[in-house]
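# Coordinate inspection notes
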Amino acid sequence: MQIKSKGIVNGVINDKYGKRGNMNLSIPLEFINYPKETKSFAVIIEDFDAILVCGHDFVHWLVANITTPYLEENASLNVHNFIEGKNDFGRTNYGGMAPPDRPHYYDITVYALDCLLDLKDGFSYNELKSSIKNHILDEANIKGLYNN
């Protein structure tokens with residue numbers, strides 16, 4: 001399985017998906033070569049470079065029960081048929097990239113799952129990880145750099 005994004009060019013995340021754009025404009029993602037048994041997808045976007053700044057990785061977006069092999073640009077704020085978890089900004093939607101100290105790499109991980117998850121909007125990172133544990137058919141990761 002693979003992830004593609006028009007929002008990441010040559011390994012760099014477009015400015016418009018973070019602090020030099022609209023902090024709530026979610027990045028477009030496309031999932032390809034996923035298992036045919038896939039019933040839903042889940043996505044986690046996190047900043048592991050934030051460990052040096054705040055002592056832990058920083059979660060920017062949690063999404064579950066995605067039933068299409070893509071997320072369009074701005075999917076977080078548009079009418080959608082998936083659920084979102086609470087990010088480290090304390091909100092239940094996409095929170096854009098805003099590295100305070102230096103350029104940071106952001107990890108985008110997608111999970112192909114064999115079911116829809118029994119979660120509600122506002123779920124936590126730990127609830128998502130626990131829910132997908134025995135349902136992962138495949139996963140993929142893409143990294144992108146966002147300059148400070």
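So, here is what we can say about the structure in this document. The structure displayed is predicted, hence computed values, not measured ones. (Residues numbered from 1 in each chain as written. Predicted model: local features only at pLDDT ≥ 70, side-chain atom pairs only at ≥ 80, totals over all residues. Heavy atoms only, no water.)

Positive phi outside glycine occurs at asparagine 10, with the angle close to 50 degrees. Here asparagine 10 lies in the loop between strand 2 (8-9) and strand 3 (12-13). The exposure class of asparagine 10 is exposed, given its relative accessible area of 78%. Non-glycine residue asparagine 33 carries a positive phi angle of around 55 degrees. The topology assignment puts asparagine 33 in the loop between strand 4 (29-32) and strand 5 (40-47). Since its relative accessible area comes to 58%, asparagine 33 is described here as exposed. (Helix = DSSP H or I, 4+ residues; strand = E, 2+ residues; numbered from the N terminus. Buried < 20%, exposed > 50% of the residue type's maximum accessible area, 1.4 Å probe, protein only.)

A few words on the packing of aromatic side chains. The final tally for this structure, using the stated rule, is four aromatic pairs. Their ring planes at 40 degrees and their centres at 4.8 Å tell us that phenylalanine 31 and phenylalanine 41 sit as a pair that is tilted. With phenylalanine 31 in strand 4 and phenylalanine 41 in strand 5, the pair connects residues that are ten residues apart, well separated along the chain. For the ring pair tryptophan 61 and tyrosine 94, a centre distance of 5.4 Å and an interplane angle of 85 degrees mean the geometry is edge-to-face. Highlighted residues: tryptophan 61 in strand 6 (residues 58-66) and tyrosine 94 in the loop between strand 8 (83-84) and strand 9 (104-113), separated in sequence by 33 residues. The two residues tryptophan 61 and tyrosine 94 agree in class, both being buried. An aromatic cluster is built from Phe31, Tyr34 and Phe41, whose rings are joined through pairwise contacts. (Phe/Tyr/Trp six-rings, centres within 6.5 Å; stacked < 30°, edge-to-face > 60°.)

Val43 and Leu71 are the most contacted members of the largest nonpolar core, which has 27 residues in total. Broken down by secondary-structure element, the contributors of at least two residues to this core are strand 4, strand 5, strand 6, strand 9 and strand 10 (136-146). Examining the composition of this core, we find that four residues originate from one element, strand 9, more than from any other. Excluding residues that lie within four positions of it along the chain, leucine 71 makes contacts with Ile27, Pro28, Leu29, Phe31, Val43, Trp61, Ile66 and Phe82. Among the nonpolar cores identified, the runner-up in size contains 14 residues, and Ala42, Ala64, Leu117 and Leu119 belong to it. (Core = buried A, V, L, I, M, F, W, Y, C linked by side-chain atoms within 4.5 Å. Contact = heavy atoms within 4.5 Å.)

Our next topic: the environment of lysine 133. Among the secondary structure elements, lysine 133 is positioned in the loop between helix 2 (125-132) and strand 10. Expressed as a C-alpha distance, the spacing of lysine 133 and leucine 25, which sit 108 residues apart in the sequence, is 29 Å.

Inspection of the entire model under this criterion finds four salt bridges. Lysine 16 serves as the salt-bridge partner of glutamate 73, at 3.0 Å between the closest nitrogen and oxygen. Of this pair, glutamate 73 sits in the loop between strand 7 (70-71) and strand 8 while lysine 16 is found in the loop between strand 3 and strand 4, placing the two residues 57 residues apart along the sequence. What makes glutamate 73 partly exposed here is its relative accessible area of 33%. Lysine 143 serves as the salt-bridge partner of aspartate 107, at 2.4 Å between the closest nitrogen and oxygen. (Salt bridge = Lys/Arg side-chain N within 4 Å of Asp/Glu carboxyl O.)

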